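For reference, the chains in residue letters:
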Amino acid sequence: MHAYQSAFLKLALEHEVLKFGSFTLKSGRTSPYFFNLGKISSGGAMRELGKAYAQALQQAGIGYDMLFGPAYKGIPLVTAVALALAEQGRDVPYAYNRKEAKDHGEGGTLVGAAPKGRVVIVDDVLTAGTALREAVRLLRAAGAEPVAAVIALDRQEKGPSGASAVQEMERDSGIRVLPLVNVRSLLDYLSQGAADPATIDAIRAYQAQYGV
């Protein structure tokens, strides 16, 4: 496990981004864990989160020219990642979108740097993939080339098609999806004393039933 993955999971547990218990998901499944990146709500925590995303992007070794954050959760995330990259010596332009187009001022739905070149999308999680698919469409319509999306967690869970949300996204859009962590790395981390054995067993049982 990379250092940024351990740091991210430590941050997630400290801020209750990752909680254990019994949670009903949108799919109707009862999950032994729940992940909500919206719990990151302080400057210090967001700074650490931005660092983890930046390091995951660097670890992937892909070439890119700018970043894009889908509304709404992707907006603070892409800002944090751009700041983290700047602190490491790379000043990368970024943009984001509005949900509703402005009919005054500069107008339109896109804000920030003009989309061009190879673009990495920055978002929180991938469930149905609606926001990411819309981001891919917007970027291509603007003449840019989306090449990857960085997300926080891959649940590695089967959807209706039998593939995971990440697998479906990669197949349908042709871009790479780069999670900071997946359930396998989460279980590795929890097994080092970060959770009780009953919680770990419950997650393993859930993945045995629903995992890809």
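- For the protein, the name recorded in an unreviewed UniProt entry is Orotate phosphoribosyltransferase, with Solimonas fluminis as its organism.
- UniProt's Cofactor (unreviewed entry) comment on the protein is quoted here verbatim: "Mg(2+)".
- For the protein, the Catalytic activity (unreviewed entry) comment in UniProt is given as "orotidine 5'-phosphate + diphosphate = orotate + 5-phospho-alpha-D-ribose 1-diphosphate".

1. So, the pattern of salt bridges
Consideration 1: As enumerated under the stated definition, the model contains nine salt bridges in all.
Consideration 2: Here Glu14 ties to Lys10 by a salt bridge, and the two come within 2.6 Å at their closest N and O atoms. One end of the pair, Glu14, and the other, Lys10, are both in helix 1 (residues 3-14), four residues apart, so they sit about a helical turn from each other.
Consideration 3: The partly exposed category is assigned to Lys10, whose relative accessible area is 44%.
Consideration 4: A salt bridge links Arg47 to Glu48; the shortest N-O distance between them is 3.4 Å.

2. Side note on helix 6 (residues 183-194)
Consideration 1: In this model helix 6 runs just 14 Å from its N-terminal to its C-terminal C-alpha over 12 residues, more than 12% under the 16 Å that 1.5 Å per residue would give.
Consideration 2: Those residues of helix 6 that sit buried are Val183, Ser185, Leu186, Leu187, Tyr189 and Leu190.
Consideration 3: Elements that come into contact with the buried residues of helix 6 comprise helix 1, strand 1 (18-24), strand 2 (30-35), strand 7 (145-154), strand 8 (176-182) and helix 7 (197-210).
Consideration 4: Between the side-chain oxygen at the start of helix 6 and the backbone nitrogen of Arg184 there is a gap of 3.1 Å, and the oxygen is on Asn182.

3. Let's talk about the packing of aromatic side chains
Consideration 1: One pass over the structure, following the stated rule, counts three aromatic pairs.
Consideration 2: Look at Phe8 and Phe35: their rings are 6.2 Å apart centre to centre, the planes differ by 55°, and that puts the pair in the tilted class. Here Phe8 is found in helix 1, whereas its partner Phe35 is found in strand 2, with 27 residues between them in sequence. Residues Phe8 and Phe35 agree in their burial class; the two are buried.

4. Some remarks on the packing of helix 1 against helix 6
Consideration 1: As a packed pair, helix 1 and helix 6 sit with axes 11 Å apart at the nearest point and diverge in direction by 70°. Viewed along their axes, helix 1 and helix 6 adopt a mutual orientation that is roughly perpendicular. In this structure, helix 1 crosses over helix 6, and the sense of that crossing is right-handed. Residue-level contacts link Gln5, Ser6, Leu9, Lys10 and Leu13 of helix 1 to Ser185, Leu186, Tyr189, Leu190 and Ala194 of helix 6.
Consideration 2: Looking at the contact of helix 1 with helix 6, its residues break down into six nonpolar, three polar and one charged.

5. Digging into unusual backbone geometry
Consideration 1: Of note, the amide linkage connecting Ala71 to Tyr72 takes the cis form, showing an omega dihedral of 0°.
Consideration 2: With respect to the helices, strands and loops of the structure, Tyr72 is situated in the loop between strand 3 (66-69) and helix 3 (74-87).
Consideration 3: Phi is positive for Glu16, close to 60°, though the residue is something other than glycine.
Consideration 4: Among the secondary structure elements, Glu16 is positioned in the loop between helix 1 and strand 1.
Consideration 5: The class of Glu16 is partly exposed, set by a relative accessible area of 42%.
Consideration 6: For Gln156, which is not a glycine, the phi torsion comes out positive at approximately 50°.

Reading guide: rules and limits
All residue numbers refer to positions counted from 1 along the written sequence of the respective chain. Selection of residues for local features in this predicted model requires a pLDDT of at least 70, selection of side-chain atom pairs for listing and counting requires 80 or more, and totals for whole chains, interfaces and linings are taken over all residues. In computing side-chain properties, one takes all heavy atoms of the structure into account and sets aside hydrogens as well as water. UniProt positions are given in the numbering used here, feature names are shortened, and annotations may be inferred rather than shown by experiment. The salt bridge definition used is simple: a Lys or Arg side-chain nitrogen within 4 Å of an Asp or Glu carboxyl oxygen. Only DSSP runs of H or I covering at least 4 residues are called helices, and only runs of E covering at least 2 are called strands; the numbering of each starts at the N terminus. Only protein chains enter the accessibility calculation, which uses a 1.4 Å probe. A residue is then buried if its area is under 20% of the maximum for its type, exposed if over 50%, and partly exposed in between. For a helix, the expected span equals 1.5 Å multiplied by the residue count minus one. Whether two residues touch is decided by their heavy atoms; if any such pair falls within 4.5 Å, the residues are in contact. For the purposes of these results, a polar contact is taken to be a pair of N or O atoms within 3.5 Å, where, inside protein, one atom must be able to donate a hydrogen and its partner to accept one; residues adjacent in sequence count only when each atom of the pair is a side-chain atom. In this scheme Phe, Tyr and Trp rings, the latter by its six-membered ring, pair at centre separations within 6.5 Å, and the angle between planes marks the pair as stacked below 30 degrees, edge-to-face above 60, and tilted otherwise. With axes taken as lines fitted to C-alpha atoms, and helix axes fitted only over the stretch in contact, angles between N-to-C directions fall between 0 and 180 degrees. Note on terminology: angles under 35 degrees are roughly parallel, angles over 145 are roughly antiparallel, angles of 65 to 115 are roughly perpendicular, and the others are oblique. Take the far helix as the reference: if the near one is turned anticlockwise from it by less than a right angle, the crossing is left-handed, and if turned clockwise, right-handed. Residue polarity follows a fixed list, in which Ala, Val, Leu, Ile, Met, Phe, Trp, Tyr, Cys and Pro are nonpolar, Asp, Glu, Lys and Arg are charged, and the others, Gly among them, are polar.

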